[in-house]
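One letter stands for each residue in the lines below.
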Amino acid sequence: MNAKLIFSGIQPTGDINIGGYLGAIKNWVKMQHQTKSMFCVVDMHAITVWQDPIQLKKNTLKLIATYIACGLDYKIIPMYPQSMVPEHTELSWILGCLTPVGWLNRMTQFKSKSGSEKDKAGLGLYAYPVLMAADILIYKANIVPVGEDQTQHVELARDIAGAFNRAYGDYFPLPNAVINKQTMRIMSLRDPLNKMSKSDTSDGSRINLTDSDDLIAAKIKKAVIPAAGFGTRFL
Ligand code: ATP
Ligand code: LTN
């Protein structure tokens, strides 16, 4: 039986907002002293859509600073950029050789991020969930605290681990997503049908952790109010 290990990561695609904080980081901080944990800044995932190289480097360092500012204990928790550990991408290739294309075709994040012209999307964006499976499995992590939008990817990581185990013998533990039901999907202030996201072009759609009180009040005053009955979908 494997010991418990928590693994999760965030893309350095911009400043953290209350979506990423309440959906992910707050849970990490709560769990860090109960179970062995490690948290990554997944810069290789970030480049699945275009990033300015200088900004990417700054965002990567800033995200590690944000992890610490939010309460992750740097004395006990490994926090590092994904690109510093080449084994993530090496395992991703091996797992990709075992992953049926049909499984990837079901991924809703690829459908939304690739937009209307699917044939022009990069292979990296399509293979993104295989790299995520490698991130988790390389450490034999079995607990993956994420927001609701990432549960499909964690389930795929579980399926990929199962496919590997069937092919080569029992090697990887099957990972489980851990979500906080109350905060698993914080919605955009401008479009209540979509989740708040740090790469949304409208800064008014989100509340960043570094926003002033006045700016937060102004953003909330301008927020689009969801139609009556909205929200029952997630109960
Ligand atoms: P991007 O806009 O670059 O796709 P993002 O803002 O959607 O980024 P991620 O880096 O993809 O954020 O997610 C970091 C973690 O925070 C993930 O576990 C994700 O599920 C969670 N998360 C992100 N946004 C939200 C949200 N609005 N509500 C709840 N959890 C969220
Ligand atoms: N795909 C996730 C980020 C991510 C991740 C991971 C999360 C990459 N690798 C491994 C948990 C475990 C996202 O877009 N938020």
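Residues numbered from 1 in each chain as written. Chains lettered and ligands numbered in written order. Predicted model: local features only at pLDDT ≥ 70, side-chain atom pairs only at ≥ 80, totals over all residues. Heavy atoms only, no water.

Enquirer: Looking at this structure, how should I read the packing of aromatic side chains?
Expert: Per the stated rule, a full pass over the model turns up nine aromatic pairs. Measuring from ring centre to ring centre gives 6.5 Å for Y80 and Y139, while their planes differ by 70°; the resulting arrangement is edge-to-face. Taken together, the residues Y80 in strand 3 (residues 79-81) and Y139 in the loop between helix 7 (123-137) and strand 4 (143-145) connect sequence positions 59 residues apart. A relative accessible area of 10% places Y80 in the buried class. Chaining the aromatic ring pairs together yields one cluster made of F164, Y168, Y171 and F172. We note K140 situated over the ring of Y171; from NZ or CZ to the ring centre the distance is 3.8 Å. (Phe/Tyr/Trp six-rings, centres within 6.5 Å; stacked < 30°, edge-to-face > 60°. Helix = DSSP H or I, 4+ residues; strand = E, 2+ residues; numbered from the N terminus. Buried < 20%, exposed > 50% of the residue type's maximum accessible area, 1.4 Å probe, protein only. Lys NZ or Arg CZ within 6 Å of the ring centre and 35° of its normal.)

Enquirer: Hey, could you run me through the environment of I68 in this one?
Expert: In this fold, I68 is placed in helix 3 (residues 53-70). Put simply, I68 and Q34 are 34 residues apart on the chain and 17 Å apart in space, counted from C-alpha to C-alpha. For I68, the residues in contact, after removing those within four places along its chain, are Y74 and M79. (Contact = heavy atoms within 4.5 Å.)

Enquirer: What is the right way to look at unusual backbone geometry in this model?
Expert: The phi angle of most residues is negative, glycine excepted, and most peptide bonds adopt the trans form. Its identity as a non-glycine residue notwithstanding, K140 has a phi of 55°, on the positive side. For K140, the location among the structural elements is in the loop between helix 7 and strand 4. Residue classification places K140 among the partly exposed residues on the basis of a relative accessible area of 26%.

Enquirer: How should the site of ligand 1 be read in this particular structure?
Expert: Around ligand 1, the surrounding shell holds 21 residues, and the nearest of these are K113, D149, K195, S197 and S199. Between M196 and ligand 1, the recorded distance is 2.9 Å, taken from a backbone N or O atom to a nitrogen atom. Considered on its own, ligand 1 offers 600 Å² of accessible surface; in the complex 96% of this is hidden by protein. Sorting elements by how many residues they give to the shell around ligand 1 places helix 1 (residues 18-31) first, with four residues. Tallied by class, residues from the shell around ligand 1 come to six nonpolar, 10 polar and five charged. (Near = heavy atom within 4 Å. Polar contact = N/O pair within 3.5 Å; in protein donor to acceptor, adjacent residues only side chain to side chain. Areas by Shrake-Rupley, 256 points an atom, 1.4 Å probe, with all protein chains shown as cover. Nonpolar A, V, L, I, M, F, W, Y, C, P; charged D, E, K, R; others polar.)

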